[in-house]
Amino acid sequence: MALLSTSNLEKSFGTDVIFHGVSFEVQQNDRIGLVGVNGSGKTTLFKTLTGEYTPDAGNLYQAKNTVLGYMEQHVCRDLDRTAYAEVLTVFTDLLNMEKELNELNNAVTAQPTDALIERQTLLNEQFVQSGGLTFRSRARSALLGLGFTDEQMGQVVGVLSGGQKAKLQLAKMLLSGANLLLLDEPTNHLDIQSVEWLEDFLRGWSGAFLVISHDRYFLDRLCSRIFELENGHLTTYKGSYTAFQEQKELNELSVQRQYDNTQREIKRMEDMVTQFRRWNREKSIRKAESKEKAIAKLESTLVTPEAKQASLSFQFPVAQRSGNDVLQAEGLSLAFEGRTLFHNVEISLHRSERVFLLGPNGCGKTSLFKTLLEQYQPAAGKVRFGANVDIGYYDQLQTGLHMEKRVIDEIWDTYPKMTETEVRSALAIFLFRGDDVFKPVSALSGGERARVLLLRLMLSQANFLLLDEPTNHLDIASSEALENALQNYEGTLFIVSHDRYLINKLADRIYWLTPNGAVPYVGSYDAFLEQRKAQQALAEAQKQAAAPKENAYQQRKAQQAALRKQKARLRHVEDRIEELEQQAETLNTQLSDTAVASDYEKALELTQQLDDVRQESDALMEEWETLSQQTVENA
């Protein structure tokens with residue numbers, strides 16, 4: 001049974017139709033990626049599914065057992081609450097039960113009554129069944145997985161960064177008990193380690209999810225279906241993102257070929273009609289009319305290929321060739337207010353290399369770039385650039401833009417020798433056409449501002465590009481255009497990115513930044529992962545080999561303690577089985593009483609009690625067998 005389904009869903013704002021005819025189903029355990037260019041209506045569709053927006057037409061069906069979890073629904077409102085306490089608000093019902101249980105325990109201890117004991121038993125069972133014994137550890141595990149330390153968990157929400165607040169919202173949604181998650185760009189503020197944790201979580205999760213993401217690697221690893229919103233309608237594909245790309249390309253090619261062939265056939269038949277009518281004979285006129293009917297039938301079934309979305313296509317030219325040695329950093333260290341961010345960083349780049357700088361959030365990747373650019377003064381070490389090196393820098397925070405300027409002036413003021421026609425032609429390449437060039441930079445979206453920065457970078461004709469998270473604000477189509485431009489770039493690249501798809505496509509080498517230096521790796525992101533796993537396995541083996549062996553006395557004590565626990569549990573199980581056997585005997589005696597046998601409700605109640613006793617007894621017998629065997633083996 002579908003958790004959620006839509007039929008001919010439509011949503012408009014004013015005269016703008018965002019999407020129409022949207023029909024799909026989400027089954028249990030579905031892993032679906034929702035893709036489309038920025039502005040195609042992906043978030044609008046999500047808000048329609050949650051009920052925040054009302055559809056203008058069509059139907060939306062949700063199964064009775066469906067519980068939606070939407071990332072934006074869980075907002076951190078209390079800035080004075082700790083991060084850990086904020087996540088625990090998901091379990092408000094359990095917290096209230098826990099509080100009542102503590103009050104009941106105190107009351108029972110002070111003055112026990114049958115009513116209090118009964119309420120305590122029932123509430124305790126409900127608390128355990130609802131996950132009361134594990135909800136705190138689950139909350140802590142989720143925060144640890146998203147990169148929080150124990151110290152950060154104790155910090156109030158108000159002092160956390162925007163990325164950390166986003167992680168809190170994500171943790172709350174994941175723990176909310178939903179069986180259908182709507183994830184709108186969940187990886188946006190996460191570093192690679194946190195993204196990988198999220199991937200592992202979702203791969204092992206038992207529910208369904210529908211995720212909007214520009215992270216192609218993420219979609220490939222997780223999704224078995226892809227939904228694409230394009231030109232106002234939704235198309236579904238089976239398989240990963242890579243499979244979707246291949247299917248879409250084949251579909252478009254097939255539609256275009258069919259269209260071209262049909263148009264050629266229509267043209268051929270129209271020529272025949274013209275010839276037949278020129279002959280102007282009764283027989284030729286009938287043939288012409290027959291052909292015209294055939295043409296009308298072909299035209300009625302003709303599928304016109306959809307208009308292509310406006311997309312980026314550009315190159316990064318270089319004004320001059322640099323020397324072979326492009327960058328050499330030796331013993332580089334950086335400190336802020338007495339805190340060392342990193343030290344002893346050794347990096348070397350050569351002409352035409354494509355090198356990536358990776359590491360967890362906060363490790364200093366952007367700060368290292370700014371040190372190379374002399375925006376920060378290193379505490380130690382030196383930086384040397386090679387001959388004829390022209391540097392271009394892409395700032396992920398987009399601080400180099402002037403918010404008060406118009407788009408055309410942002411480019412023209414940087415390159416005043418260009419004519420207005422040249423500036424407008426360049427802007428058109430980056431999809432700024434017509435009146436768009438007169439928009440203030442402050443009115444642009446993050447993706448539009450990214451395109452302005454990329455245009456400035458292209459016009460610089462630099463032969464060494466330092467790019468800090470260049471795909472952060474770009475949709476998939478724009479990321480692919482940037483990827484193509486970088487693949488064809490003749491200069492040298494040094495890139496900070498969490499876009500693993502981009503890294504796999506481009507990387508010759510990777511540096512992993514740590515507080516104690518930059519560790520070099522050769523190859524793509526997948527190769528980097530394999531090398532890191534091998535290093536970690538070797539380090540663990542060396543650690544175990546170097547560690548002093550636990551002496552026999554300590555081992556024996558630990559074994560004896562474990563054996564004592566097993567024996568104690570075994571005795572407890574045996575005692576409980578004996579109690580249950582006595583209860584079963586008593587219940588059987590009562591059931592054999594003729595007075596009870598004639599009382600249907602009483603007999604039914606005793607039968608249920610007897611069934612519960614037998615179930616518990618059977619479970620304990622299985623545990624007893626296991627414990628008995630383990631005790632014999634460990635004795």
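Everything that follows concerns the structure shown earlier in this document.
Let us look at the structure shown here. Everything numeric here is computed off the predicted structure, so don't read it as measured data.

1. Focus on the packing of helix α3 (residues 92-110) against helix α4 (residues 114-129)
Helix packing for two helices is described by the angle between their axes and how far apart those axes are. At a minimum axis distance of 10 Å, the contact between α3 and α4 shows a crossing angle of 150 degrees. The angle between α3 and α4 places the two elements in the roughly antiparallel class. Where α3 crosses over α4, the two elements pack in a sense that is left-handed. Facing Leu-94, Met-97, Glu-98, Glu-100, Leu-101, Leu-104, Asn-105, Ala-107 and Val-108 of α3, the residues of α4 in contact are Leu-116, Ile-117, Arg-119, Gln-120, Leu-123, Asn-124, Gln-126 and Phe-127. Among the residues forming the contact of α3 with α4, the class breakdown is 10 nonpolar, four polar and three charged.

2. Some points on unusual backbone geometry
A positive phi is found at Ser-352, a non-glycine position, where the angle reads about 75 degrees. Look at Glu-374: it is not a glycine, yet its phi comes out positive at around 65 degrees. Residue placement: Glu-374 occurs in the loop between α12 (365-372) and β13 (380-385). Using a relative accessible area of 70% as the deciding quantity, one classes Glu-374 as exposed.

3. Observations concerning the side chain of Asp-499
Structurally, the position occupied by Asp-499 is in the loop between β16 (492-496) and α17 (500-506). Residue classification places Asp-499 among the buried residues on the basis of a relative accessible area of 5%. A polar side-chain atom of Asp-499 sits 3.2 Å from a polar atom in the side chain of Thr-471. Beyond its immediate stretch of four places on either side in the chain, Asp-499 contacts Arg-216 and Thr-471.

4. With respect to the pairing of β16
Across the five residues of β16, five count as buried, placing the element largely inside the fold. Of the two faces of β16, the one carrying Thr-492, Phe-494 and Val-496 and the one carrying Leu-493 and Ile-495 are both buried. Where strand β15 (residues 464-468) and β16 come together, five bridges link them in parallel fashion. What sits directly across from Leu-466, in β16, is Phe-494. A crossover links β15 with its parallel partner β16, the connecting element being helix α16 (residues 476-487), and its sense is right-handed.

5. Description of a negative patch on the surface
Residues Glu-574, Asp-575, Glu-578 and Glu-581 make up a contiguous surface patch of negative charge. Its location among the elements puts Glu-574 in helix α19 (residues 552-592).

6. Some thoughts on helix α1 (residues 42-50)
Counting buried residues in α1 gives seven out of nine residues, a clear majority hidden from the surface. Restricting attention to buried positions, one finds in α1 the residues Lys-42, Thr-44, Leu-45, Phe-46, Lys-47, Thr-48 and Leu-49.

7. Looking at the sheet that holds strand β4 (residues 57-62)
Within a beta sheet, neighbouring strands are joined by backbone hydrogen bonds and run either parallel or antiparallel to one another. Spatial strand order, β2-β1-β4: three strands in an open sheet with antiparallel pairing. Edge positions in the sheet fall to β2 (16-27) and β4, since each of these pairs with one other strand and no more. If you compare each strand with its neighbour and ignore which way they point, the axes differ by 15 degrees on average. Pairing geometry for strand β1 (residues 2-13) and β4, over five bridges, is antiparallel. Paired with Ser-7 across the strands is Asn-59, a residue of β4. Those strands touched by α1 are β1, β2 and β4, and its axis lies near 120 degrees from that of β1.

Calculation criteria
- Residues numbered from 1 in each chain as written.
- Predicted model: local features only at pLDDT ≥ 70, side-chain atom pairs only at ≥ 80, totals over all residues.
- Heavy atoms only, no water.
- Axes fitted to C-alpha atoms, helices over the stretch in contact; angles between N-to-C directions.
- Helix = DSSP H or I, 4+ residues; strand = E, 2+ residues; numbered from the N terminus.
- Parallel < 35°, antiparallel > 145°, perpendicular 65-115°, else oblique.
- Left-handed = near helix turned anticlockwise from the far one by under 90°.
- Contact = heavy atoms within 4.5 Å.
- Nonpolar A, V, L, I, M, F, W, Y, C, P; charged D, E, K, R; others polar.
- Buried < 20%, exposed > 50% of the residue type's maximum accessible area, 1.4 Å probe, protein only.
- Polar contact = N/O pair within 3.5 Å; in protein donor to acceptor, adjacent residues only side chain to side chain.
- Pairing = 2+ DSSP bridges.
- Right-handed = clockwise from strand over helix to strand, strands pointing away.
- Patch = residues over 30% accessible without salt bridge, like charges linked within 9 Å, V, L, I, M, F, W, Y side chains within 5 Å.
- Areas by Shrake-Rupley, 256 points an atom, 1.4 Å probe, with all protein chains shown as cover.
- Salt bridge = Lys/Arg side-chain N within 4 Å of Asp/Glu carboxyl O.
- Lys, Arg positive; Asp, Glu negative; His and termini not counted.
- Charge placed at Lys NZ, Arg CZ, Asp CG, Glu CD.

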